[in-house]
Each structure stands twice: as structure tokens, then as C-alpha cells.
Amino acid sequence: MTPGYRGLIHRYRDFLPTLKDGDIVSLLEGNTPLVEAPRLAKAIGAPQISLYLKIEGLNPTGSFKDRGMTMALSRAVQEGSKAVICGSTGNTSASAAAYAARAGLKCVVLIPEGNIALGKLSQAMMHGAEVLSIQGNFDQALELVKEISASHPITMVNSLNPMRLEGQKTGAFEIVDVLGHAPDYQFMPVGNAGNITAYWMGYKEYFDKKKAGSKPKMMGFQAAGSAPIVNGAPVKDPKTIATAIKIGNPASWKKAEQARDESGGVIDAVTDDEIIEAYKLMSSLEGVFCEPASAAGVAGLKKHIAQKKLDLKKGAAVVCILTGHGLKDPERAIAVSPKPASIKADLKAILDHLKI
Ligand code: AN7
């Protein structure tokens with residue numbers, strides 16, 4: 001056993017379904033940084049607030065999915081399962097593949113062909129998953145996974161597996177434990193809607209157990225071309241550059257609406273341009289590089305500040321969940337950035353170019 005931090009199951013055991021030590025599959029996920037972002041707060045028009053970024057990209061496979069996957073794989077091991085399966089826009093497949101490798105289980109992933117970021121694909125492949133590139137979208141992949149897992153001895157590790165949400169709710173615990181109280185608002189992206197559901201579970205549980213005296217308003221953001229909850233109807237052919245949340249019929253739709261309504265929050269949409277703007281602002285102003293989908297929450301915060309829809313007193317605590325690391329999608333980062341100047345290996349040429 002490595003000394004020190006032992007992963008989120010050990011840390012939050014009293015709040016999680018029971019698992020024996022020997023069944024726990026962990027890569028020491030969780031315990032991610034909550035970084036204050038004053039320059040970003042100022043740039044988006046709310047210098048008076050305490051804005052925090054929860055950097056979930058620093059989980060072992062670079063996304064929040066690891067919180068759920070440590071629980072899902074541990075329970076699969078406990079139940080004697082030999083294989084797991086998921087449909088994924090990328091991060092779930094990367095995480096499932098890694099945790100299955102760690103547990104010695106077979107892993108099958110169904111991904112929408114041509115629509116997953118390179119970093120994520122490389123992870124699923126390197127961790128030895130059976131990768132099936134489906135000629136269809138995420139929603140079709142998830143339907144197929146549901147059918148296969150219902151009729152065959154293979155455990156589904158999408159967020160319809162209740163262990164996933166149990167693990168992911170620990171993100172809320174960590175935020176309260178670090179701040180000493182619940183935030184006033186939490187902003188985050190919404191795709192299949194599992195994470196907003198899980199965070200709300202976590203905040204409610206901490207409130208009920210008197211670990212927090214209040215609960216945040218839950219503010220979820222879909223991409224405008226892929227916004228079924230905002231539109232009130234499934235989107236057959238979702239479109240957005242934020243491929244992680246390119247989902248037209250979210251599995252946890254009703255639960256996300258419950259989280260929104262119980263908390264007094266909002267589920268709204270942001271355009272791809274707004275997402276890219278927030279993505280660039282964060283990396284250039286705060287040194288924090290997340291993937292495009294993760295920037296949807298920050299884009300939503302900026303939009304709602306501009307529309308004066310929020311009650312942001314001095315010192316109001318606002319947390320944005322940055323769900324995945326920027327390196328997941330290097331192609332998008334390069335596409336939205338100026339091209340590096342190509343210059344002769346010559347001192348004068350460089351100084352001329354820099355004008356210094
Ligand atoms: C970076 O990997 O659905 O609303 O299959 O990767 O809980 O779905 C990913 C979702 C936000 C949305 N940010 O979370 C998948 C998948 C990132 C993501 C979401 C995802 P949910």
C-alpha cells in the first residue's frame with residue numbers, strides 16, 4: 001500500500017456503498033485542486049466574487065469520470081464480473097479502460113466514429129480496451145450498450161450504473177471540505193447529465209448530515225447545438241465542437257431537472273463561440289487548460305453575469321467544475337490558437353520578430 005492519500009473511496013467511505021478493501025480498484029483519484037481565479041473573475045465582469053475552478057482534469061485519466069469509475073469497477077470486482085462495457089464521447093471510455101486494466105477485467109467501449117478527441121481515443125487504445133468505432137452518434141452507442149449489458153454477462157459502467165454517481169458525488173464533498181461551506185453557485189457542463197445529478201446528491205447528503213449549512217444553486221450548461229434539456233426535446237443530430245457533451249438524449253435528463261429545480265438553479269445553453277472564448281480566457285488568464293466541454297460552465301457564468309441574472313454579493317463563492325484536461329483535445333487547442341511563427345535559427349531574425 002502506497003503511503004499517503006488512498007483515493008476517494010477510503011476518504012469518503014462513510015458516505016459510500018460498502019466495499020471490502022480487497023475489492024477496491026483505485027488509481028488514487030479525487031482530491032483535485034480547487035484553484036481561485038481572480039483574473040478570470042475580473043475578466044468576466046465579477047471582480048467582487050470568490051471564483052474557484054475545480055480542476056478535475058488532474059484525475060488519473062484526466063477527467064472527473066475516474067471518481068465514478070473507481071466505484072463502478074470496485075463493485076464489478078466485488079460481484080465477480082469479468083468484463084465491463086460503456087458507450088462514450090471519450091472520457092468515460094478512457095477511464096473505464098484504465099480502471100478495467102487496473103482490475104484485470106476485459107473492457108469494451110463503443111465510441112461515435114470520428115467524434116472523439118484524440119487524447120481520449122489514445123487512452124482507450126493504450127489501456128487495452130476493445131474499441132468499437134460506431135457508425136452513429138453517442139446516443140445510438142448508449143442504446144446498444146444498454147441492450148448488450150441487459151442480456152449478456154458484461155457490466156455497464158455508464159452513469160446509469162448507480163455506482164458511478166455515488167463516486168462522482170464526492171466532488172461536492174471535496175468542495176465543501178476545502179471551502180468550509182457550500183458555494184453559493186456551482187457552474188458546470190451538462191452532457192448525459194450524470195455529473196450534475198451526482199454533485200446535487202453530494203451537496204444534499206452533506207447538508208442532511210450537517211456537514212454543510214446550505215446548498216448551492218446548480219447551474220448546468222449544454223452546447224447550443226446539443227441542448228435537449230433546454231429545448232425540452234431530444235436532439236436527433238446534435239452538433240458542437242465540444243464533443244464530450246455532444247449528446248442528444250441524456251440518460252439522467254429527469255434527475256438533472258430535479259437538481260436544477262430543487263436547488264433553484266438553471267440549465268441553459270451556450271454557443272460554441274462562447275465556449276471557445278471561455279476556453280481561451282481561462283488558459284491565457286489563469287494558466288488553467290481544460291477541454292472545450294469543460295469551458296461550457298465558465299461560458300455560462302460569463303453569460304449570466306452579463307445578463308445580470310445572478311445575485312453576486314462581495315465574496316460570493318462560485319465554483320466552476322472543469323471536468324476534463326485540455327490535453328484531451330490538442331487538435332482543438334491548436335485550431336483556435338495563432339500559428340507559431342516559423343523563424344530562421346538566427347539571433348537577428350528572432351530579435352527583429354520580437355521587436356525587443
Ligand atoms: C469533459 O465520456 O458522456 O453530464 O461518454 O467528458 O455527466 O455526461 C462525457 C461527458 C462534461 C458531461 N465534461 O458530463 C462520456 C461522456 C466532460 C465530459 C461531460 C462529459 P455528464
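Figured I'd write up the structure that's included with this text.

Criteria and cut-off values
All residue numbers here refer to positions counted from 1 along the written sequence of the relevant chain. Given that this is a predicted model, residues contribute local features only at a pLDDT of at least 70 and side-chain atom pairs are listed and counted only at 80 or more, while totals for whole chains, interfaces and linings are drawn from all residues. Where side-chain values are given, they derive from all heavy atoms of the structure, hydrogens and water being excluded. Per the convention used, a helix needs a DSSP run of H or I reaching at least four residues, while a strand needs a run of E reaching at least two, with both numbered from the N terminus. The globule rule used here is 2.2 Å times the number of residues to the 0.38 power, and the radius of gyration it is set against is calculated over C-alpha atoms. Whether a residue is buried, partly exposed or exposed follows from its accessible area with a 1.4 Å probe, protein chains only, as a fraction of its type maximum: under 20%, in between, or over 50%, in that order. The accessible surface values rely on the Shrake-Rupley method and a 1.4 Å probe; as for residues, cover is taken only from the protein chains in view. Neither His nor the chain termini are counted; the positive set is Lys and Arg, and the negative set is Asp and Glu. Charge positions come from single atoms, namely NZ of Lys, CZ of Arg, CG of Asp or CD of Glu. When a carboxyl oxygen of Asp or Glu lies within 4 Å of a side-chain nitrogen of Lys or Arg, that pair is called a salt bridge. The reported arc concerns the directions from the helix axis to the C-beta atoms and nothing else. Points on a 1 Å grid over protein atoms alone make up a cavity when a 1.4 Å probe fits among them but cannot get out, and a pocket when they form an open set with protein on both sides within 12 Å along at least five of seven lines; lining residues each have an atom within 4 Å of a point. Grid points are joined across faces, edges and corners, and a volume is the space filled by probe spheres set on the points.

## Some details on the overall build of the protein
Thinking step 1. Of the regular secondary structure elements, the protein holds 15 helices and 10 strands.
Thinking step 2. The C-alpha radius of gyration of the protein comes to 20 Å, within 12% of the 21 Å expected for a compact globule of 356 residues.
Thinking step 3. Taken over the C-alpha atoms alone, the protein extends approximately 65 × 50 × 50 Å along its principal axes.
Thinking step 4. Counting over 356 residues, the protein shows a buried share of 58%.
Thinking step 5. Total accessible area on the protein is roughly 15400 Å²; 54% of this is exposed by carbon and sulfur atoms.
Thinking step 6. Averaged over its 42 positive side-chain charges, the protein has a centre that lies 2 Å from the centre of its 35 negative ones.

## Quick look at unusual backbone geometry
Thinking step 1. A positive phi is found at Leu28, a non-glycine position, where the angle reads about 60 degrees.
Thinking step 2. Summarising the element assignment, Leu28 is placed in the loop between α1 (8-11) and β1 (34-36).
Thinking step 3. For Asn31, which is not glycine, the phi torsion reads 55 degrees and is therefore positive.
Thinking step 4. Tracing the sequence through the fold places Asn31 in the loop between α1 and β1.

## Here we look at the pattern of salt bridges
Thinking step 1. Following the criterion strictly, the structure yields 19 salt bridges and no others.
Thinking step 2. Its salt-bridge partner being Glu262, residue Lys204 comes within 3.0 Å of it at the nearest N-O pair. Note that Lys204 is positioned in helix α9 (residues 194-208) and Glu262 in helix α11 (residues 253-263), a separation of 58 residues in sequence.
Thinking step 3. Here Arg260 makes a salt bridge to Asp261, at a shortest N to O gap of 2.7 Å.

## Quick notes on α11
Thinking step 1. Of the positions making up α11, those classed as buried are Trp253, Ala256, Glu257, Ala259, Arg260 and Ser263. Buried residues of α11, seen end-on, are gathered within an arc of 155 degrees and therefore sit on one face of the element. Opposite the packed face of α11, turned more than 90 degrees from it, sit the exposed residues Lys254 and Asp261.
Thinking step 2. Immediately beyond the C-terminal end of α11, within one or two residues, lies Gly264, with a positive phi of roughly 75 degrees.

## Here's the deal with empty space enclosed by the protein
Thinking step 1. One pass over the structure, following the stated rule, counts 1 cavity of 30 Å³ or more.
Thinking step 2. Estimated volume of the largest cavity: approximately 330 Å³.
Thinking step 3. The wall of the largest cavity is formed by 29 residues, among which Phe64, Lys65, Gly191, Asn192 and Ala244 lie closest to the centre.
Thinking step 4. Looking at the lining of the largest cavity, the elements with two or more residues in it are α4 (91-103), α7 (162-168) and α9.
Thinking step 5. Sort the elements by how many residues they give to the lining of the largest cavity and α9 lands first, with 3 residues.

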